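If you want the building blocks of each chain, they are given just below.
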Amino acid sequence: MLMEIDKGESSSRDSRAVLNGSRSGGEHPLAGSSKTQRTPSDSMHSARLNGGSARAQQETYFGHDREEITRILIQALDDLGYHAAADNVAEESGSQVESPDVLAFRQAVLSGAWSRAEELLCGKGARASGQGSDTGGLVLAPGADRNIMRFRLRQQKFLELLEQREPGRALAVLRNELTPLCQDQHQTLHFLSRLLMCQDVEDLRSKASWDGASGRSRHHLLAQLSGSISPSVMLPERRLVVLLEDLKRSQVDRCLYHTSTDSPSLCVDHICDRRRFPSEVLAELSNPGLESSKKPDEVWQVRFSPDGRRLATCGTDETVTVWDIEHMALMHRLQGHLKGEIGNLAWGPDSRLLVTCGFDRTARLWNAETGECLKTIGGFEEPVSSCVWAADGQTFITGSFDKKKSICQWNMHGECVHSWTRAHRTEDIVLSADQRWLVAMDEQCNLHVYDFGARKHVYDWALSARPTSLSISRDSRYLLINRADNEAVLLDIETHETVQKYTGQTGGNYTIRSDFGGANENFVICGSEDGHVYIWHKVTGLLVQRLEAHHASCNAVAWNPTDPCMFATAGDDGRVRIWSDRERAQAVPMTGRHPNGTSRASSNGSLRSDPMRA
């Protein structure tokens, strides 16, 4: 990945975007930026350039700036392909989306005319003097740094020279143009200098996470630069789309019972039917022999596979149970852990492999489709407590009470490829979806945060109460910590700020787990030692549901990642319950009813009356 200058540049764009590189999320918003510029007549140009005419400044459209709305409409019409309509609105209103200088700057960047781009950015004479004066050139957004923009332009120039196999000229750019802009950024300069040693173009593109001059790199560069240019002269690309997406997101965030994965309509206010919210027991799953046993085996963990088709559970029994969710049927009982409980498990990204963590001081890798144990990892002096998969599906990470093997990364052959050397007892670990954050908790109310990609420790985080479980949101921004003081806390991993708190559940004696769930992860779900399951609205912290789930403690919860209307709970009564909405539950034949009005099928498919009625 290309390096950034370490300066605090404010921007209307995401400051964490990859510099000039290929993005995994598809086409960049600037992909279609080669359209013809809509420009008003010269007589109106000076009046319109930085905010419009006196009449437009005085008039509003239902409280909104008339000039801004007009510019956004012109841009949207052009994006929609209504070019004649866009021309007509521009002609009649005298408004323009971009100033002539910005249009020329755009064309210079996309064509690779780097000297011309710098001249437009900084003003005539600024490049020759080596100064990034704010007295000339393009009008920048507040807080933007012109030198950082120049660095990005020159870095693209440097990479393209390397791609053209001109290392001499590229070295001159590195020494004479890039180094003066970041003399104190030794890591950045070292990274760029190493690119001079790339064997070929493919090696360059791979190491720089860059797709070349013929790819999208110039468009991505322009997107980053445009975030630093004042919107008075350069309207951000597809501005109406961004505003509409924010509007939809706001409506979804306000929906208390959001269960729909469909994009909300713009024509009506969005609200989900409460009857579609999962609050009924669809099925109850239990291991064979549960009814005849004097003391049921406790279930400590429950996890859906990434494809949502299977469910795995573990606990005080020496087996891991895998269920077929579509048919609510037992698939496998994975046996191999000896003389002890199984505290945790994790599905591989392909929903085929499973890692389990045992109190027998081993971790085991399983084929969940066949039930075969593929590898046993031993050598621990204490129980293995937790596990998580890397996104590539080729390695997984274990946490252990063994301080000598607190956190280790293993390949499919059972070989340790990396061990984090900080000595602490690990009770749970989580890895963010973007593979950036690896977070571990110990028994001393501390969190240990690592940069997974760089394999280095970042910081420690002291909590006021003992944590019992960790989860990271799908967008990799938030850490959910369930604590023994009857509180779950949502924290921003980057800023360390508390975003929301969730209360009402009981705990303190045992490990109780919480998780994100629902459509767009709008909810936080948590077990409780009083046997109930609690569901809060993630943004507001409002309690949405409190459901009686298990006779004894409700230990673990999991929301189906592909079905926003399904979650599972597991408890000390040895049972696993699958919850869904009322309509789906009523479609299941029933012989008994839960106090909440639910029906259920047993693990073998036959119907059972509800044992909680008594």
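Here, every reference points to the structure presented above.
Residues numbered from 1 in each chain as written. Predicted model: local features only at pLDDT ≥ 70, side-chain atom pairs only at ≥ 80, totals over all residues. Heavy atoms only, no water.

A. Highlighting the overall build of the protein. Helices and strands together make up the secondary structure of the protein, namely 14 helices and 30 strands. Classification of the 614 residues of the protein by burial places 52% in the buried group. A separation of at least 24 residues holds for 52% of the contacts in the protein among residues at least 6 apart in sequence. As displayed, the protein has an accessible area near 27600 Å², and 48% of this comes from carbon and sulfur atoms. (Helix = DSSP H or I, 4+ residues; strand = E, 2+ residues; numbered from the N terminus. Buried < 20%, exposed > 50% of the residue type's maximum accessible area, 1.4 Å probe, protein only. Contact = heavy atoms within 4.5 Å. Areas by Shrake-Rupley, 256 points an atom, 1.4 Å probe, with all protein chains shown as cover.)

B. Examining the nonpolar core more closely. F105, V109, L121, L153, L225 and I229 are the most contacted members of the largest nonpolar core, which has 21 residues in total. If you list the elements that add at least two residues to this core, you get α5 (100–111), α6 (114–122), α8 (146–163) and α12 (217–226). Look past the residues within four positions of L225 in its chain and what remains in contact with it is F105, V109, M149, R152 and L153. Within the second largest apolar cluster, 19 residues are counted, among which are F151, L159, V173 and L192. (Core = buried A, V, L, I, M, F, W, Y, C linked by side-chain atoms within 4.5 Å.)

C. Region of the structure containing the sheet that holds strand β3 (residues 280–285). Across the sheet, which stays open at both edges, the 4 strands sit in the order β3-β30-β29-β28 with antiparallel pairing between neighbours. Where the open sheet ends on each side, the last strands, each with one partner, are β3 and β28 (554–559). Each adjacent strand pair in this sheet contributes to an overall mean axis angle of 25°, direction not counted. The pairing of β3 with strand β30 (residues 576–580) spans 5 bridges and is antiparallel. In the strand pairing of β30, A283 is matched with I578. (Pairing = 2+ DSSP bridges. Axes fitted to C-alpha atoms, helices over the stretch in contact; angles between N-to-C directions.)

D. Quick peek at α8. Helix length check: α8 (18 residues) gives 26 Å between terminal C-alpha atoms against 26 Å at 1.5 Å per residue, within 8%. Most of α8 is tucked away: 17 of the 18 residues are buried. A side-chain oxygen of the first residue of α8 lies 2.8 Å from the backbone nitrogen of N147; this N-cap is D145. Two residues or fewer after α8 comes R165, characterised by a positive phi angle close to 60°. (Expected span 1.5 Å × (residues − 1). Polar contact = N/O pair within 3.5 Å; in protein donor to acceptor, adjacent residues only side chain to side chain.)

E. Representation of the packing of helix α3 (residues 66–79) against helix α4 (residues 83–93) in the model. Between α3 and α4, the shortest axis-to-axis distance is 7 Å and the interhelical angle comes to 160°. Compared by their axis directions, α3 and α4 come out roughly antiparallel. At the point where α3 passes α4, the crossing takes the left-handed sense. Across the interface between the two elements, T70, I74, L77 and D78 of α3 pack against H83, A85, A86, V89, A90 and S93 of α4. Of the residues that constitute the contact of α3 with α4, the class distribution is 6 nonpolar, 3 polar and 1 charged. (Parallel < 35°, antiparallel > 145°, perpendicular 65-115°, else oblique. Left-handed = near helix turned anticlockwise from the far one by under 90°. Nonpolar A, V, L, I, M, F, W, Y, C, P; charged D, E, K, R; others polar.)

F. Geometry of the sheet that holds strand β17 (residues 437–441). Spatially, the 4 strands line up as an open sheet ordered β16-β17-β18-β19, and their pairing is antiparallel. Two strands in the sheet have a free side with no partner beyond their single neighbour: β16 (428–431) and β19 (456–462). Within this sheet the neighbouring strands show an average axis-to-axis angle of 20°, counted without direction.

G. Representation of the pairing of strand β12 (residues 384–389). Judged by how many residues are buried, β12 sits mostly within the fold: 6 of 6 residues are covered. Alignment of β12 against strand β13 (residues 395–400), held across 5 bridges, turns out to be antiparallel. Within β13, the position partnered with S386 by the bridge is G399. In this antiparallel pair of consecutive strands, β12 and β13, the connection spans 5 residues, and G393 shows a positive phi of 70°.

H. Spotlight on the side chain of T70. Inspection of the secondary structure assignment puts T70 in helix α3. Residue T70 is classed as buried on the basis of its relative accessible area, which comes to 15%. Once residues lying within four places of it in the same chain are set aside, the contact partners of T70 are V89, S93 and S95.

I. Spatial organisation of unusual backbone geometry. One non-glycine residue with positive phi stands out, namely S209, at about 50°. With respect to the element layout, S209 can be found in the loop between α11 (201–208) and α12. Positioned with a positive phi, R238 is a non-glycine residue whose angle comes to about 45°. Relative to the helices and strands, R238 resides in the loop between α12 and α13 (239–254).

J. Representation of the side chain of Q409 within the structure. With respect to the element layout, Q409 can be found in strand β14 (residues 407–411). A distance of 3.0 Å separates a polar atom in the side chain of Q409 from a polar atom in the side chain of T395. Each residue touching Q409, except ones within four places of it in the same chain, is listed here: T395, F396, I397, E415, C416, V417, H418, W420, F452 and R455.

K. Representation of the layout of surface pockets in the model. By volume, the second largest pocket amounts to about 1200 Å³. In terms of lining, the second largest pocket is formed by 47 residues, of which the most central are R303, P306, L431, I472 and D515. Broken down by secondary-structure element, the contributors of at least two residues to the lining of the second largest pocket are β4 (299–304), β8 (342–347), β12, β16, β20 (467–472), β24 (514–517) and β28. (1 Å grid on protein atoms, 1.4 Å probe; cavity = no way out; pocket = protein on both sides within 12 Å on 5 of 7 lines; lining within 4 Å. Points joined across faces, edges and corners; volume = space filled by probe spheres on them.)

L. A look at the pairing of strand β9 (residues 353–358). Counting buried residues in β9 gives 6 out of 6 residues, a clear majority hidden from the surface. Of the two faces of β9, both are covered, the one formed by L353, V355 and C357 as well as the one formed by L354, T356 and G358. As paired elements, β8 and β9 share 5 bridges and run antiparallel to each other. Within β9, the residue paired with A346 across the bridge is V355. Taking the residues that link successive antiparallel strands as the turn, the β8-β9 hairpin has 5 residues, and the phi of S351 there is positive, at about 65°. Examined bridge by bridge, β9 and strand β10 (residues 363–367) share 5 bridges and lie antiparallel to one another. Bridging across to β10, L354 finds its partner in W366. Between β9 and β10, which pair antiparallel one after the other, the connecting turn spans 4 residues, and R361 there sits at a positive phi close to 70°.

M. Region of the structure containing the environment of Q301. The topology assignment puts Q301 in strand β4. Expressed as a C-alpha distance, the spacing of Q301 and T313, which sit 12 residues apart in the sequence, is 5.5 Å. Side chain to side chain, Q301 and N344 meet in a polar contact 3.0 Å long.

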